[in-house]
Structure formats: structure tokens, C-alpha cells
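# Report on the structure
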Amino acid sequence: MTELGLPQTILACLFDLDGVVTKTAVVHAAAWKETFDAFLREREGADFRPFDAVADYDEYVDGRPRADGVRTFLASRGIELPEGSPDDPPGAQTVNGVGNRKNELVLRKIRTEGVEAYEGTLRYIEAVRSAGLKTAIVSSSANTLDVLRSIDAERLFDVRVDGVVARERKLPGKPRPDTFLAAAQDLGVEAKQATVFEDALAGMDAGRSGHFGYVVGVDRVGQSDALYAHGADVVVKDLAELLTGKKGGAA
């Protein structure tokens, strides 16, 4: 292993955004809960079963493209909506309408509460770049560029494959590996020469099915065992641990 805590064969690092680089996963979870609870309350009345911002978030929406998250969670409750179109107004009774309501809430929360980066991650990325490795940000979020600029981190990535790019290229989102594979290709490396850094179970699945050289799980919420079960080679609570050799969890 190198001083970065990675195999010698690794030439590039592919980082998820929410929960890995920025502390926005909790903002997304809160926006999903507000969106789904309002939808379910209107549909089922006061006795509706609320969206669980931990269990439901991890299982059905975390790491997935917005529309996929809506579709997957509602399917778990036996609900099917028409797809609608990407420009549906927030609140429209369509997959895209519900997703746009969630995005509206996220943007409002980000504007009012701001965005904070994980300092350990930024320190690790700086070390990665100093060592000559290439870097990419890979996120299902359509707001990735705005978030990176807000924390002055756009400069840290050679390549960006986010929700906007995925739509343009018609790339399926996580748990499919296509966005990570596209980032590796854009960086000019093979999957086996790249490491995936993810906090979402869907991201772990993508790393495993894409046959990447190494998959690092970032455990922000006490789900180390689940991250390993979904394909992590190692799990840490903070990426700075990789620089010191103090790896969290147990394989």
C-alpha cells in the first residue's frame, strides 16, 4: 500500500460528493423527508407512515439520481406515478414533479444553511494530487458544480461526472457503475487503476459491479458492516485516516 493507503496500481481517485466531500447528505435526507412526508400525508391522510430519514434514505434514495430515488422509494410503498417531464413544477403528481420539489427544498436549505466541507477529505485530495494521481468528482447531484464552487473545491478535480453530465450522456446512475466508469475513461485510466470513494450503499454497489481497483467506504452514520457487505475493501470514518494508516472497521 502507498502512503495514501491505496494499492500501488492505483492511478486515479473517484470521489462522491454528498457525504464524502461535503456535509450535505444530512441536508438531502431532510429534504427527502419533508418532500415524501408531504406527499404521503396528502395521499394517505394523517395516519400515513412517515419517510425514515435514516433507513429509507439509505435503502432507497442515497446516492441515486433524483428520479430514481423517487421511483424506488414510492415502489417500496406500492405507489407508482407517471414519469412526467424534467420541467414539471414542484409538487406535480409525477416522478419528476416530486423530485423537483425535493431539489427546490435542497437548494433553499443550501442557500440558508450554507455548505461545509469535510476538512479531512480536502486534505486527502490535496495529498492525492500532490502524489500525481488524477481526480474526479462523481455525483448524482445536478447541483455539483455550484456546491464545489461554494467551497472553492472545483480546482481539486480534473473531471466532473454529475447529474447534468449523466443526463447529457444518458448514463444510468448508481447503483449502476456507469458514471464512475465514465469518469475513469475521461481520466484515461482503466477501472482497475481507479479507486472509488463513497458513503452510500448504492455507491458501494457501483464500485463492486464496475470492478474498480479499490473501493473505500466512508462511514458517516455507523453503517460500517453494511458498507463492507456492499463491496467496500476498507471503511474509514474520515479519509484523513488513510494518510495515517488508521483504518476504521474490520474486513
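Residues numbered from 1 in each chain as written. Predicted model: local features only at pLDDT ≥ 70, side-chain atom pairs only at ≥ 80, totals over all residues. Heavy atoms only, no water.

This next bit is on the overall build of the chain. The number of helices and strands found in the chain is eleven helices and six strands. In terms of overall dimensions, the chain is globule-like: its C-alpha atoms have a radius of gyration of 18 Å, near the 18 Å expected for 251 residues. Each of the three principal axes of the chain carries a C-alpha extent, and together these read 55 × 35 × 35 Å. Buried residues in the chain amount to 54% of all 251 residues. At a minimum sequence separation of 6, the contacts of the chain that also span at least 24 residues come to 59%. A total accessible area of about 11,200 Å² is found for the chain, and carbon and sulfur atoms account for 49% of it. Side-chain charges in the chain split into 31 positive and 40 negative, and the spacing between the mean points of these groups amounts to 1 Å. (Helix = DSSP H or I, 4+ residues; strand = E, 2+ residues; numbered from the N terminus. Rg over C-alpha atoms; globule rule 2.2 N^0.38 Å. Buried < 20%, exposed > 50% of the residue type's maximum accessible area, 1.4 Å probe, protein only. Contact = heavy atoms within 4.5 Å. Areas by Shrake-Rupley, 256 points an atom, 1.4 Å probe, with all protein chains shown as cover. Lys, Arg positive; Asp, Glu negative; His and termini not counted. Charge placed at Lys NZ, Arg CZ, Asp CG, Glu CD.)

Time to look at the side chain of Asp88. Its place among the elements puts Asp88 in the loop between helix H3 (66-76) and helix H4 (95-113). The buried charged residue Asp88 lacks any salt bridge, with Arg167 as its nearest oppositely charged partner at 11 Å. Setting aside its immediate chain neighbours within four residues, Asp88 contacts Glu83, Thr94, Asn96, Gly97 and Asn100. (Salt bridge = Lys/Arg side-chain N within 4 Å of Asp/Glu carboxyl O.)

Moving on: the packing of aromatic side chains. Per the counting criterion, the structure on display carries nine aromatic pairs. Ring geometry for Phe15 versus Phe157: centroids 6.2 Å apart, planes at 65 degrees, classification edge-to-face. Of this pair, Phe15 sits in strand S1 (residues 12-15) while Phe157 sits in the loop between helix H6 (144-150) and strand S3 (159-161), and the two are 142 residues apart along the sequence. Relative to Phe36, the ring of Trp32 has its centre 5.1 Å away and its plane inclined at 10 degrees; by these criteria the two rings are stacked. Of the two residues, Trp32 and Phe36 both sit in helix H1 (residues 25-44), four residues apart, roughly one turn of that helix. Each member of the pair Trp32 and Phe36 is classed as buried. Looking at Arg220, its charged tip hangs above the ring of Tyr118, at a distance of 3.4 Å from the centre. (Phe/Tyr/Trp six-rings, centres within 6.5 Å; stacked < 30°, edge-to-face > 60°. Lys NZ or Arg CZ within 6 Å of the ring centre and 35° of its normal.)

Enumeration over the complete set of coordinates arrives at 20 salt bridges. A salt bridge links Asp68 to Arg71; the shortest N-O distance between them is 2.7 Å. Here Asp68 and its partner Arg71 are both found in helix H3, three residues apart, which amounts to about one turn of the helix. Between Asp158 and Arg129 there is a salt bridge, with its nearest N and O atoms 3.3 Å apart. Within this pair, whereas Asp158 is found in the loop between H6 and S3, its partner Arg129 is found in helix H5 (residues 119-130), the two being separated by 29 residues in sequence.

Further remarks concern the environment of Cys13. Examined against the element boundaries, Cys13 turns out to sit in strand S1. For Cys13, a relative accessible area of 0% translates into the label buried. Separated by 67 residues in sequence, Cys13 and Glu80 have C-alpha atoms that sit 37 Å apart.

What follows is about the nonpolar core. Counting residues in each nonpolar core, the largest one holds 42 residues, and the members touching the most others are Leu6, Phe15, Val21, Tyr124, Phe197, Val216 and Leu239. The contact partners of Val216, leaving out residues within four places of it in the chain, are Leu6, Thr195, Val196, Phe197, Glu198, Met204, Val234, Val236, Leu239 and Leu242. (Core = buried A, V, L, I, M, F, W, Y, C linked by side-chain atoms within 4.5 Å.)

Right, let's get into the layout of surface pockets. Rolling a probe over the atoms, with the probe sized like a water molecule, indicates the empty space that remains. In this structure, the largest pocket encloses a volume near 540 Å³. Along its surface, the largest pocket is lined by 23 residues, and Pro65, Arg66, Ala67, Gly163 and Arg167 are the ones closest to its centre. Within the residue set of the lining of the largest pocket, elements represented by two or more residues are H3, H4 and helix H7 (163-169). Residues belonging to the lining of the largest pocket are distributed by class as follows: nine nonpolar, eight polar and six charged. The calculated volume of the second largest pocket comes to roughly 270 Å³. Taken together, 16 residues form the lining of the second largest pocket, with Ala25, Val26, Tyr57, Arg220 and Val221 sitting closest to its centre. Of all the secondary structure elements, the ones that give two or more residues to the lining of the second largest pocket are H1 and helix H2 (55-61). (1 Å grid on protein atoms, 1.4 Å probe; cavity = no way out; pocket = protein on both sides within 12 Å on 5 of 7 lines; lining within 4 Å. Points joined across faces, edges and corners; volume = space filled by probe spheres on them. Nonpolar A, V, L, I, M, F, W, Y, C, P; charged D, E, K, R; others polar.)

Let's shift gears to H4. Here H4 is 19 residues long and its end C-alpha atoms lie 27 Å apart, about the 27 Å a rise of 1.5 Å per residue gives. All of the buried residues in H4 are Val95, Asn96, Gly97, Val98, Gly99, Asn100, Lys102, Asn103, Leu105, Val106, Lys109 and Ile110. Among the structural elements, H1, H3 and H6 are those in contact with the buried residues of H4. Two residues or fewer after H4 comes Gly114, characterised by a positive phi angle close to 80 degrees. (Expected span 1.5 Å × (residues − 1).)

No statement about biological role is implied by the geometric values presented.
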